[in-house]
Amino acid sequence: MKHWLHISLSSLALLVAGRPAAHGQAMSKDMHMAAPDGPVLPLDSVLQLVERRNPAVQQYAYQARAKEAAVAGASSWEAPKLSAGYWMTPYNQRPIKEMNNGQGEGMQMVSVEQMLPNPAKQRARREFLSSQAAVVQADQQNTVVQLRAQAKTLYVEQAVLTKKLAVLDENEELLRFLIKLAEARYPYNLATLPNIYDAKARLEMHLNDHRQAAARAVQNQIALNTLMNRPRGQAFAVDTAVLTAPTLALAPLDTATLAGRRSDIRRLDRALTTVRLSQNLEASRRRPDFGVRYDHMRGLGRTPNQFTVMGMVSIPLAPWAAREYKANTAALGFEAQALRKQREDVLNEASGRLASLQTDLTLRREQTRAFERRILPALRRSYQATMLAYEQNTGQLFQVLEAWTTLKRTRLEYLDNLQQQLTQQIAYEKELEQ
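Rules of the game
- Residues numbered from 1 in each chain as written.
- Predicted model: local features only at pLDDT ≥ 70, side-chain atom pairs only at ≥ 80, totals over all residues.
- Heavy atoms only, no water.
- Salt bridge = Lys/Arg side-chain N within 4 Å of Asp/Glu carboxyl O.
- Helix = DSSP H or I, 4+ residues; strand = E, 2+ residues; numbered from the N terminus.
- Buried < 20%, exposed > 50% of the residue type's maximum accessible area, 1.4 Å probe, protein only.
- Core = buried A, V, L, I, M, F, W, Y, C linked by side-chain atoms within 4.5 Å.
- Contact = heavy atoms within 4.5 Å.
- Pairing = 2+ DSSP bridges.
- Phe/Tyr/Trp six-rings, centres within 6.5 Å; stacked < 30°, edge-to-face > 60°.
- Lys NZ or Arg CZ within 6 Å of the ring centre and 35° of its normal.
- Expected span 1.5 Å × (residues − 1).
- Axes fitted to C-alpha atoms, helices over the stretch in contact; angles between N-to-C directions.
- Parallel < 35°, antiparallel > 145°, perpendicular 65-115°, else oblique.
- Nonpolar A, V, L, I, M, F, W, Y, C, P; charged D, E, K, R; others polar.
- Left-handed = near helix turned anticlockwise from the far one by under 90°.
- pLDDT = per-residue confidence, 0-100.
- Patch = residues over 30% accessible without salt bridge, like charges linked within 9 Å, V, L, I, M, F, W, Y side chains within 5 Å.
- Areas by Shrake-Rupley, 256 points an atom, 1.4 Å probe, with all protein chains shown as cover.
- Lys, Arg positive; Asp, Glu negative; His and termini not counted.
- Charge placed at Lys NZ, Arg CZ, Asp CG, Glu CD.

Q: What should I look at first to understand the pattern of salt bridges in this one?
A: A pair can form between side chains of opposite charge whenever their charged atoms are brought close. In this structure the tally under the stated criterion is 23 salt bridges. Note that Asp-289 and Lys-121 form a salt bridge whose closest N and O atoms lie 2.9 Å from each other. Here Asp-289 is found in the loop between helix H9 (263-283) and strand S3 (290-299), whereas its partner Lys-121 is found in helix H6 (residues 119-185), with 168 residues between them in sequence. Here Asp-289 falls in the partly exposed class, since its relative accessible area comes to 23%. We classify Lys-121 as buried; its relative accessible area is 18%.

Q: Just checking my understanding: could you explain the nonpolar core for this structure?
A: A general tendency of soluble globular proteins is for nonpolar side chains to be buried together. Grouped together as the largest cluster of nonpolar side chains are 57 residues, with contacts concentrated most on Val-46, Met-228 and Leu-243. Mapped by element, the contributors of at least two residues to this core are helix H3 (43-53), H6, helix H7 (193-227), helix H10 (319-391) and helix H11 (397-432). Listed in part, the 19 residues of the second largest apolar core include Leu-248, Leu-258, Leu-272 and Leu-361.

Q: What is the right way to look at unusual backbone geometry in this model?
A: One can expect most non-glycine residues to show negative phi and most peptide bonds to be in trans. One non-glycine residue, Met-88, adopts positive backbone phi at about 50 degrees. Note on placement: Met-88 falls in the loop between strand S1 (81-87) and helix H5 (94-99). Accessibility expressed as a relative area gives 62% for Met-88, which makes it exposed. In this structure, Asn-229 is a non-glycine residue whose phi angle is positive, near 60 degrees. You can see Asn-229 is positioned in the loop between H7 and helix H8 (255-261). Among the residues examined, Asn-229 registers a relative accessible area of 33% and is labelled partly exposed.

Q: Looking at this structure, how should I read the environment of Leu-272?
A: With respect to the helices, strands and loops of the structure, Leu-272 is situated in helix H9. Between the C-alpha atoms of Leu-272 and Arg-343, which are 71 residues apart in sequence, the distance is 9.8 Å. With sequence-adjacent residues up to four places away left out, Leu-272 is seen in contact with Ala-336, Leu-339 and Arg-340.

Q: Would you mind showing me how to read the pairing of strand S4 (residues 306-313) here?
A: Regular strands place side chains that alternate from one sheet face to the opposite one. Within S4, only zero of the eight residues are buried, which leaves the element largely exposed. With eight bridges connecting them, S3 and S4 associate as antiparallel partners. Paired with Met-297 across the strands is Gln-306, a residue of S4. Following S3, the chain reverses through six residues before pairing antiparallel with S4; Gly-301 in that reversal takes a positive phi of roughly 65 degrees.

Q: Just to check I follow, could you spell out the packing of aromatic side chains for this structure?
A: A full pass over the atoms with the stated rule returns one aromatic pair. Positioned above the aromatic ring of Tyr-390 is the side chain of Arg-185, whose terminal nitrogen or guanidinium carbon lies 4.4 Å from the ring centre.

Q: Sorry if this is basic, but what is going on with H10 here?
A: Turn by turn, an α-helix covers 3.6 residues, leaving residues three or four places apart pointing in a common direction. For H10, with 73 residues, the first-to-last C-alpha span of 102 Å sits near the 108 Å given by 1.5 Å per residue. Downstream of H10 by a residue or two, Asn-393 has a phi angle that is positive, lying close to 65 degrees.

Q: Would you mind showing me how to read the packing of H9 against H10 here?
A: When two helices pack together, their arrangement is captured by the angle between the axes and the distance separating the axes. Where H9 contacts H10, the axes come no closer than 9 Å and their chain directions differ by 170 degrees. When the axes of H9 and H10 are compared, the pair comes out roughly antiparallel. A class-by-class count of the residues in the contact of H9 with H10 yields twelve nonpolar, six polar and six charged.

Q: Help me understand the packing of H3 against H6 in this model?
A: In contact at an axis separation of 10 Å, H3 and H6 are set at 145 degrees when each is read in the N-to-C sense. Crossing angle aside, the handedness with which H3 passes H6 is right-handed. Note on element contacts: H6 touches H3 through Val-144, Leu-147, Arg-148, Ala-151, Lys-152 and Tyr-155, opposite Leu-43, Val-46, Leu-47, Val-50 and Glu-51.

Q: Sorry if this is basic, but what is going on with the confidence of the model for the protein chain here?
A: Caution applies to low-pLDDT parts of the model: their predicted coordinates are not meant to be read in detail. Mean pLDDT over the protein chain: 84, with 91% of residues reaching 70 or higher. Predicted confidence for residues 1-31 stays below pLDDT 50, and this span has 45 contacts to residues more than four positions away or in other chains.

Q: How do you make sense of a positive patch on the surface when you look at a structure like this?
A: The grouping of Arg-123, Arg-126, Arg-286 and Arg-287 at the surface amounts to a positive patch. In this structure, Arg-286 sits in the loop between H9 and S3. Assessed through its relative accessible area of 48%, Arg-286 is described here as partly exposed.

Right, here's the structure in full:
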């Protein structure tokens, strides 16, 4: 019996050192809720599906097409006016007919009027409408950046949860094995009931951790499917190699380089262009409009047929007519200044966020290296030493449980720190739109 216990404990120590049993995952599926499973969907494929199928991206394409379609109407003319009726015709025709042998006087008139648009006004309106499509396209790119960052964050969290569930499955098997060993040693006074009950309580708390991680994994899968506009319950697995991707180099950036990268700055630049063109459109109202009018009059009785051809010109410089477009031009000037200040504010805040993210990323990377190089190896050796002492009857089960709990929690803490590091890196890439 002692020889069997010695072999079992040695095997258990090897497992916790990083050699999980092949049947651990199969055991966990029978014990508690399993994590989502399915074909592996790489991060690049997820991002492509988000850009291609997400309705929030698609709507901007139609909005841009709507703005472009409106440009075709910029060269339109005002509708012609047609009028008909009597012109200079007396109300009472009886005395006139008595004097003119039964013939009356007056005219029946048909009139056609057409305003001729000013080409400068048409050109200003066409340029203004064309600039609006560019603003919508910049909005679309900014939305794509936001959605990509959201998808990356969910994908990394899902990869970390996959690793966590593997750690929890491995530790669950170890703990169950340890409980069986303690129960086998109890008849020989090599284990105590309080320690066995303590181990079983720790197992239940461990199962709660697994249930929570598995539920969060299901929620992340639903969120990612929503971003990709796929059926919410469609199962897929993530590629955990994303957790070992090369780290991003951190370097200070000037505002000019930052402005060239960010789509929200491009959107503000295009909005400024639109405001400037809107000012030009308002200023073009100072230019006159022209028109032509033709009247044909068919005389009644002895009145001969007549016609009238007239040219027309508007006078927008009149003070009572110029008041509106002057006020609009001034208002648009203030709006342009506000957009410039908004651009300055966006760049200022982005620079501050980047500096803060660089500091946090440096800290997270140092903590991750400390976990990998010093903390986790030391705790593994501590656990193995505790197991060896228990195997040689010089240690207690509660010491093994404490060492096991500390190692498990630290491994999960390491994964949490890694997730925070990658999340901050995604936020950094989002600011740079990489």
